[in-house]
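The primary structure of each chain is shown beneath.
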Amino acid sequence: MSFPNVRMNRLRKTENIRRMVQDIRPSSNDLILPIFVQEGLKKSISIPSMPNVNRVSLEQAIEEGKEAVSLGIPAVILFGIPSEKNEGGSSAYNRTGIIQTAVRKMREELGEDLVIITDTCLCGYTIHGHCGIINEGKILNDETLELYGKIAVSQAESGSDIVAPSGMMDGQVKVIRDALHKEGYSDRMIMAYSVKFASAFYAPFRKAVDSTPQFGDRRSYQMNYSNPDEVMREIKLDIEEGADIVMVKPALAYLDIIHRVKSQINIPLAAYNVSGEYSLVKAAAEKGWVDEKKIILEIITAIKRAGSDLIITNHAKDVARWLNNK
Ligand code: PBG
Ligand code: ZN
């Protein structure tokens, strides 16, 4: 059978027609910019494993926030690099810790113009680099939860709009929701890293924030990418426990997962276009092997098309500029 009147190419005939009939429209409103702020830093330090991304000082973090606002990026996610680490990661919940101070200052300077999200985890603050408390080489889930509650409350107290638990401990969303409620921060959101796979794509980030596990790996708490059926269980638990936004991480090798999750939930979904995805593209672009702008826009569109509402990406500033023709 033939359909002589159907010519799909008519829909692609000119740039203007393509624009008119385009279904998937990524926008700067979808983007979340990660910022790596280091305690005691005077001027920024480049991160070799992530070209064009820096560890920044408090002052520069504020500038980054302002730049995000000017580019139409609604939110940043802050990661802290403390000057001192210890076994229990206590500087993660210190009221005058690097994240808490950064949030306070950004809030002072930027008011409500910028949504401030804070990474709620211990791995950047513990000597061993794991996301929780360790005893005899094993993660102590419940002892860790108590600390996550403290971290979240200290971040909320400093003015964080959204706490983002990334450690993948069982029950973390509930403990954080309860702790926030008890301390009078029921208005704060939780963006849960619900589906976080144990992935080789995190390596450049770990160098960036110096959180590489000193022994073992994270496979006992992060998910096995060969078990896709666990995904909906994790998502449903986090929604029941009080998550406002759920996340799939990484993004690019997990577009099927993003699609699957989006089709089954009715709250916002975020995807984390992680460091390894970023650095692969940057390295190839530096060599002139790919067209950087084209490949990044293709990737961002793919993540959006898969079903993600929000995209955390180190490309955020470039993407916002390109989308807004700046
Ligand atoms: C850990 C954490 C990770 C990332 C952010 N927080 C992953 C990990 O080290 O296991 C990865 C971010 C990226 O790769 O861009 N809580
Ligand atoms: Zn962690």
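This write-up is about the structure you can find in this document. (Residues numbered from 1 in each chain as written. Chains lettered and ligands numbered in written order. Predicted model: local features only at pLDDT ≥ 70, side-chain atom pairs only at ≥ 80, totals over all residues. Heavy atoms only, no water.)

Observations concerning the packing of helix α8 (residues 255–262) against helix α10 (residues 292–306)
In helix packing, the relevant descriptors are the interaxial angle and the interaxial distance, both defined with respect to the helix axes.
(1) Moving on: One way to put it is that α8 packs onto α10 with a least axis distance of 8 Å and a crossing angle of 35°. Here L255, I258 and H259 of α8 come into contact with α10, specifically with A302, I303 and A306.
(2) Moving on: Taken together, the residues of the contact of α8 with α10 sort by class into five nonpolar, one polar and no charged. (Axes fitted to C-alpha atoms, helices over the stretch in contact; angles between N-to-C directions. Helix = DSSP H or I, 4+ residues; strand = E, 2+ residues; numbered from the N terminus. Contact = heavy atoms within 4.5 Å. Nonpolar A, V, L, I, M, F, W, Y, C, P; charged D, E, K, R; others polar.)

Section: the environment of K66
(1) Moving on: Relative to the assigned elements, K66 resides in helix α2 (residues 58–70).
(2) Moving on: The partly exposed category is assigned to K66, whose relative accessible area is 33%.
(3) Moving on: Measuring from C-alpha to C-alpha, the distance between K66 and I139 comes to 39 Å, with 73 residues separating the pair along the chain.
(4) Moving on: The contacts of K66, once residues within four sequence positions are left out, are E109 and L110. (Buried < 20%, exposed > 50% of the residue type's maximum accessible area, 1.4 Å probe, protein only.)

Considerations on the pairing of strand β1 (residues 31–38)
(1) Moving on: Most of β1 sits inside the fold, with eight of its eight residues counted as buried.
(2) Moving on: Because side chains alternate across β1, one face comprises the buried residues L31, L33, I35 and V37, and the other comprises I32, P34, F36 and Q38, equally buried.
(3) Moving on: Examined bridge by bridge, β1 and strand β12 (residues 310–313) share two bridges and lie parallel to one another. Considered in β12, the bridge of I32 is made with I312.
(4) Moving on: Where β1 meets strand β3 (residues 54–56), two bridges bridge the pair, whose relative direction is parallel. Counted as the bridge partner of F36 is R55 from β3. (Pairing = 2+ DSSP bridges.)

A word on empty space enclosed by the protein
(1) Moving on: Inspection of every chain in the model, using the stated rule, returns one cavity of 30 Å³ or more.
(2) Moving on: In this structure, the largest cavity occupies an estimated 230 Å³ of space.
(3) Moving on: Every residue lining the largest cavity is counted, 24 residues in all, and those nearest its centre are F79, D119, C123, S166 and F205.
(4) Moving on: Of all elements in the fold, only β4 (75–81), β9 (189–196) and α6 (203–209) reach the threshold of two or more residues within the lining of the largest cavity.
(5) Moving on: Here the lining of the largest cavity is composed, by residue class, of 13 nonpolar, six polar and five charged. (1 Å grid on protein atoms, 1.4 Å probe; cavity = no way out; pocket = protein on both sides within 12 Å on 5 of 7 lines; lining within 4 Å. Points joined across faces, edges and corners; volume = space filled by probe spheres on them.)

As for the coordination of the zinc ion (ligand 2)
(1) Moving on: Binding of the zinc ion (ligand 2) to the protein goes through C121 (SG), C123 (SG) and C131 (SG), at separations of 2.2 to 2.3 Å.
(2) Moving on: Sequence spacing among the residues donating to the zinc ion (ligand 2) works out to C-x1-C-x7-C. For the residue pair C121 and C123, the accessibility class agrees, reading buried in each case. (Donors = N, O, S within 2.8 Å, 3.2 Å for Na, K, Ca; no water.)

Points about the side chain of R218
(1) Moving on: Note that R218 resides in the loop between α6 and α7 (230–241).
(2) Moving on: Buried within the structure, R218 lacks any salt-bridge partner; D217 is the closest side chain of opposite charge, at an N-O distance of 8.6 Å.
(3) Moving on: There is a polar contact of 2.9 Å between the side chain of R218 and the backbone oxygen of S211.
(4) Moving on: Discounting residues that sit within four places of it in the chain, R218 has contacts with C123, G129, H130, C131, R206, S211 and P213. (Lys, Arg positive; Asp, Glu negative; His and termini not counted. Salt bridge = Lys/Arg side-chain N within 4 Å of Asp/Glu carboxyl O. Polar contact = N/O pair within 3.5 Å; in protein donor to acceptor, adjacent residues only side chain to side chain.)

Thoughts on the site of ligand 1
(1) Moving on: For ligand 1, the set of nearby residues contains 16 residues, the closest of which are R206, R218, Q222, K249 and S275.
(2) Moving on: A distance of 2.9 Å is found between a nitrogen atom of ligand 1 and a side-chain nitrogen or oxygen belonging to S166.
(3) Moving on: In this structure, an oxygen atom belonging to ligand 1 sits 2.7 Å away from a side-chain N or O atom of S275.
(4) Moving on: Taking 400 Å² as the accessible area of ligand 1 by itself, protein coverage stands at 100%.
(5) Moving on: Within the shell around ligand 1, the residues separate by chemical class into nine nonpolar, three polar and four charged. (Near = heavy atom within 4 Å. Areas by Shrake-Rupley, 256 points an atom, 1.4 Å probe, with all protein chains shown as cover.)

Looking at helix α3 (residues 98–110)
Side chains three or four residues apart in an α-helix point the same way, a direct result of the helix having 3.6 residues per turn.
(1) Moving on: Its 13 residues place the ends of α3 18 Å apart at the C-alpha level, agreeing with the 18 Å of an ideal helix rising 1.5 Å per residue.
(2) Moving on: What α3 keeps buried is the set I98, I99, Q100, T101, A102, V103, M106, R107 and L110.
(3) Moving on: Looking at the buried positions of α3, the neighbouring elements they touch are β1, α2, β4, β5 (115–120) and α4 (141–158).
(4) Moving on: A positive backbone phi angle near 55° is found at G111, which sits one or two residues after α3. (Expected span 1.5 Å × (residues − 1).)

Examining the nonpolar core
Across soluble globular proteins, you tend to see nonpolar side chains buried next to one another.
(1) Moving on: With 74 residues, the main nonpolar core has L78, M106, L180, V231 and V261 as its most contacted residues.
(2) Moving on: Of the residues forming this core, the biggest block, seven residues, is contributed by α4.
(3) Moving on: Leave out the neighbours within four places in its chain, and M106 touches I35, A61, I62, G65, V76, L78, G111, L114 and I116. (Core = buried A, V, L, I, M, F, W, Y, C linked by side-chain atoms within 4.5 Å.)

Comments concerning the packing of α3 against α4
(1) Moving on: Relative orientation of the contacting elements α3 and α4 amounts to 25°, with a least axis distance of 8 Å. With respect to each other, α3 and α4 are oriented roughly parallel. The handedness of the crossing between α3 and α4 is right-handed. Contact with α3, carried on its side by I99, Q100, V103 and R104, involves S154, Q155 and S158 of α4 and no other residues of that element.
(2) Moving on: Residues that form the contact of α3 with α4 fall into these classes: two nonpolar, four polar and one charged. (Parallel < 35°, antiparallel > 145°, perpendicular 65-115°, else oblique. Left-handed = near helix turned anticlockwise from the far one by under 90°.)

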